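A structural walkthrough
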Amino acid sequence: MTIAWLRRNLFSGPLDTALTLLTLALLAWILPVALNWLVFDAVWGHAPVAACDAVRGQGACWAVVWEKFRFMMFGTYPYDEQWRPAIVIVLLCALLVVSGIKRFWNGWLAVIWTVGIALTWWLMGGGAGLQPVRSEQWGGLPVTLILAIFGIAFAFPLGVALALGRRSKLPIVRALSVVYIEVVRGVPLITVLFMASVMFALFMPEGMRIDQLLRAQIAIILFVAAYLAEAVRGGLQAVPRGQYEAAEALGLSYWKTTGLIILPQALRISIPPIVNSFISLFKDTSLVVIIAIYDFAYAVKKSVETDIAWRKYFIEAFLFSILVYWIFCYAMSRYSQWLERDLARGQQR
């Protein structure tokens, strides 16, 4: 069967055979060089910069990740308190895992998220027995996860509401939804972040101040919701008209029709573009650096940029950040594919 698969997929014709051989030749040329630099000739673990200098140009210096790991992960968070953001990383990842398990898709999930959000802000900000830490000192991976995960959690219901509003039969609701979606989708995220950073302070009562991180979080939620609205609207339009007619024949109200029949089908259809928006959001959190927030990508950059001895090994530091981003994005992609297959099996039954 293996030989048949190879013949069918890789050697089915002259062009396929030529491309397969060319690809194998390129891999045979590139892989040994890449593996030597990345693995075999690299400096691993805790090692002085002199050890990296001795093999510079021949192997990677992964010792820079070991040396700068805490700064990369936690930024300028107080050193002695970094156990708190470490717990937050585990907590947020656990929230994602629990949210992906179908047996928790009930009212308890809202309770779990409420407790998770409260614990996150308590651990990061302090108070109630913990040393207070201002949000200006937060940084690294916890900030990226907070912006991305909470952005997804709050933008999703807002996006669904906007999608339903855009298809509403009420002219005012439809017009407001259309204006919001088109305006927000017509400007870059950087603009929205700048506006949130500057304009929120102007609209607040005198003496009232909104935290900079909270401003960025609100801006991300409002921005991503517009894109999710269009993704969900595409799913709503793809639901066959017969589903609406069947619901009307059963005498179901608008909200029962939407919540029990139409929306579940629309969300299943919309899984790919929705997850694409989630992945884009996770990567776009790096833009918050323009309003002076220490996200993970910026923490990695500053960890080597501010140290002359290790500055020359910035490539290894950036490769580490790429790996972290890839792990989260790949996990979301694989989960969405599994969810599509699982829901499709449910439809077939």
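How each quantity is defined
Residues numbered from 1 in each chain as written. Predicted model: local features only at pLDDT ≥ 70, side-chain atom pairs only at ≥ 80, totals over all residues. Heavy atoms only, no water. Disulfide = S-S within 2.5 Å. Buried < 20%, exposed > 50% of the residue type's maximum accessible area, 1.4 Å probe, protein only. Salt bridge = Lys/Arg side-chain N within 4 Å of Asp/Glu carboxyl O.

Considering all chains together, one arrives at 1 disulfide under this definition. Paired by a disulfide, Cys 52 and Cys 61 hold their sulfur atoms 1.9 Å apart. With the S-S dihedral at roughly 65°, the linkage between Cys 52 and Cys 61 falls on the right-handed side. With relative accessibility at 1%, the residue Cys 52 sits in the buried group. Free cysteine Cys 93: the closest other cysteine sulfur is in Cys 329, separated by 13 Å. On the basis of relative accessibility, which here comes to 27%, the residue Cys 93 falls in the partly exposed class. On the accessibility criterion, Cys 329 (12% relative accessible area) is buried.

Taken as a whole and judged by the stated rule, the model has 10 salt bridges. Note that Glu 136 and Arg 134 form a salt bridge whose closest N and O atoms lie 3.3 Å from each other. Overall, the relative accessible area of 41% leaves Glu 136 in the partly exposed class. Among the ionic pairs, Arg 233 bridges to Glu 230, the shortest N-O distance being 2.8 Å.

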